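One letter stands for each residue in the lines below.
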Amino acid sequence: MNNHIETEAGYFDSTACDLNAFNAVVDQKANPSTVPNAEDIQKNVPIYDMSRLRPSLEDKERRRTIMAEWAQVLRAGAGVLVLRRAYEDTVVIDEVTMIYEQIIASEKLASGGGGDHFAASGSNDRIWNSLQKLCEVAPEVFLRYFANTSIAAACEAWLGPNYQMTAQINLVHPGGAAQQAHRDYHLGFQTAEVSAEYPAHVHDLSPVLTLQGAIAHCDMPVESGPTKLLPFSQLYRAGYAAWRRDDFRELFEERCIQLPLAKGDALFFNPALFHAAGANTSSDVHRMANLLQVSSAFGRAMETVDRAKMCKLLYPHALAAHQGNTLGVSNLRAAIAASAEGYSFPTNLDRDPPKGGLAPETQQTLFARALAEGFDLQKFEAILDEMHIKQLA
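Note that this is a predicted model, so its numbers are computed, not measured. (Residues numbered from 1 in each chain as written. Predicted model: local features only at pLDDT ≥ 70, side-chain atom pairs only at ≥ 80, totals over all residues. Heavy atoms only, no water.)

Could you clarify how one ought to interpret the overall build of the chain in this entry?
For the chain, the helix and strand inventory stands at 15 helices and 10 strands. Over its C-alpha atoms the chain spans a radius of gyration of 22 Å, differing by no more than 12% from the 21 Å that the globule rule assigns to 393 residues. Considering only C-alpha atoms, the chain reaches an extent of 70 × 50 × 45 Å along its principal axes. Within the span of the chain, comprising 393 residues, buried residues form 50% of the whole. Contacts spanning at least 24 positions in sequence make up 82% of the contacts within the chain whose residues lie at least 6 apart. Entry remark: accessible area of the chain is about 18500 Å², with carbon and sulfur atoms responsible for 53%. Measuring between centres, the 34 positive side-chain charges of the chain sit 2 Å from its 47 negative side-chain charges. (Helix = DSSP H or I, 4+ residues; strand = E, 2+ residues; numbered from the N terminus. Rg over C-alpha atoms; globule rule 2.2 N^0.38 Å. Buried < 20%, exposed > 50% of the residue type's maximum accessible area, 1.4 Å probe, protein only. Contact = heavy atoms within 4.5 Å. Areas by Shrake-Rupley, 256 points an atom, 1.4 Å probe, with all protein chains shown as cover. Lys, Arg positive; Asp, Glu negative; His and termini not counted. Charge placed at Lys NZ, Arg CZ, Asp CG, Glu CD.)

Shown next as structure tokens:
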């Protein structure tokens, strides 16, 4: 289906995104024959009963069959699936919840709480890097919590083996506002301008580098605001250009669905699926989910490079070339791209939160800004060192 507008140079133009084409994409219906292992289909989303399927994950061939079905759902189907009873015993969920509540309380005392992606700061409680923090506080509990074959199979179904787990706790209290519709990491965490710089085939590639998931730490009726989802929307190729447009967001609000979750359920979706946390209109449900952001093993460079050191060595020469007009802007940009780090992540989001934007400043952006504003070497090095400290684990 040709559901996008691509410029002649192979880039997506957000001004030419076709709302009618998008509407046609999300107008599809789930085909039960493509999800034979699903217990049910609700609002186009296949529901899997892990109390029934869990033993099958111990058999290699049966496990591969189930994972292939999940991958097909995430890639070409609804783009989202629910694992009911992903946790056979929710006692460990309660233990982890208590630990996270203590972490939230201590972090709020220390800093007032962290920022959030796609939602106003202060409308919920957030624990960045909940993965490591749980392991540091209670390693034995961490072991039991992540010793979960259902979660592991879902991750491997989309990313293959050797994936990298990260997680963040999101706690939305009664009255907590909804997020705006968006797509997720990687391209979803870039500004519209940066996203538009990537060619169309990278827009196709981005979704297969990450899997989004959520573990329900409490029962989540619809009024508590479980994630709003638009099935099949991951199939709209120009979606990373389109999701910021008001007309696409309005259509999302008209057509999105929500599914209630029970404590111990898990939800997984393609990061290109249009989605948003819902508003908590309940009077007494403090909605807690552990948001899993799982990355492909292939998102790593071959060599370790001390780019901060390179930046410090290069900067005085780049500044002299810039001020003396011996190198043009495009030449300097090429040299900066070959030396400075061009990506905001990974970082320590407690010290380097996405306040005022989706992602922190990169070394490359800092380098270019320093040249434009005429920083001396001492100032440039000081900001670079501060950036490094913020990013440390």
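Explanation requested: the environment of Thr191 in the structure shown.
The residue Thr191 is located in the loop between β5 (164-172) and α8 (192-196) in this model. Along the primary structure Thr191 and Arg244 are separated by 53 residues, whereas in three dimensions their C-alpha atoms are 9.5 Å apart. Those residues in contact with Thr191 that lie beyond four places of it in its chain are Arg244 and Leu358. Side-chain polar atoms of Thr191 contact the backbone nitrogen of Val194, separated by 3.1 Å. (Polar contact = N/O pair within 3.5 Å; in protein donor to acceptor, adjacent residues only side chain to side chain.)

Looking at this structure, how should I read the packing of aromatic side chains?
For any pair of aromatic rings, the description rests on two quantities: the centre-to-centre distance and the angle between the ring planes. Applying the stated criterion to the full structure yields 16 aromatic pairs. Judged by centre distance (6.2 Å) and plane angle (55 degrees), the ring pair of Phe189 and Phe345 falls under tilted. Of this pair, Phe189 sits in the loop between β5 and α8 while Phe345 sits in the loop between α13 (329-339) and α14 (363-373), and the two are 156 residues apart along the sequence. The residues Phe189 and Phe345 share a single accessibility class, namely buried. Three or more aromatic residues joined by ring pairs form one cluster here, namely Phe22, Tyr236, Phe248 and Phe274. In this structure, Lys379 is placed above the aromatic ring of Phe375, and the distance from its NZ or CZ to the ring centre is 4.1 Å. (Phe/Tyr/Trp six-rings, centres within 6.5 Å; stacked < 30°, edge-to-face > 60°. Lys NZ or Arg CZ within 6 Å of the ring centre and 35° of its normal.)

Whenever I open this one, the environment of Val45 confuses me. Can you help?
With respect to the element layout, Val45 can be found in strand β2 (residues 45-49). For Val45, a relative accessible area of 0% translates into the label buried. Taking C-alpha positions, Val45 is 7.4 Å from Val82, a pair spaced 37 residues apart along the chain. Beyond its immediate chain neighbours, meaning those up to four positions away, Val45 contacts Asp40, Val80, Leu81, Val82, Pro231, Ile257 and Leu259.

Before we go on, may I ask you to explain the pattern of salt bridges in this structure?
Two side chains bearing opposite charge may form a pair once their charged atoms approach each other closely. Considering all chains together, one arrives at 18 salt bridges under this definition. Of the charged contacts in the structure, one is a salt bridge between Lys133 and Asp350, with a shortest N-O distance of 2.5 Å. Of this pair, Lys133 sits in helix α5 (residues 130-137) while Asp350 sits in the loop between α13 and α14, placing them 217 residues apart in sequence. Shared partners join several salt bridges into a network, and the residues in it are Glu95, Glu140 and Arg144. (Salt bridge = Lys/Arg side-chain N within 4 Å of Asp/Glu carboxyl O.)

Sorry, what's going on with unusual backbone geometry here?
Negative phi characterises most residues that are not glycine, and trans characterises most peptide bonds. The linkage connecting Tyr185 with the following residue, His186, adopts the cis geometry, with an omega of 15 degrees. Along the polypeptide, His186 turns up in the loop between β5 and α8. Of note, the amide linkage connecting Phe345 to Pro346 takes the cis form, showing an omega dihedral of 0 degrees. Secondary-structure assignment places Pro346 in the loop between α13 and α14. In this structure, Lys43 is a non-glycine residue whose phi angle is positive, near 55 degrees. Among the structural elements, Lys43 can be located in the loop between β1 (40-42) and β2. Despite not being glycine, Asn44 has its phi angle at roughly 75 degrees, a positive value. Mapping Asn44 onto the fold places it in the loop between β1 and β2. The exposure class assigned to Asn44 is buried, which follows from its relative accessible area of 17%.

These values are about where atoms sit, not about what they do.
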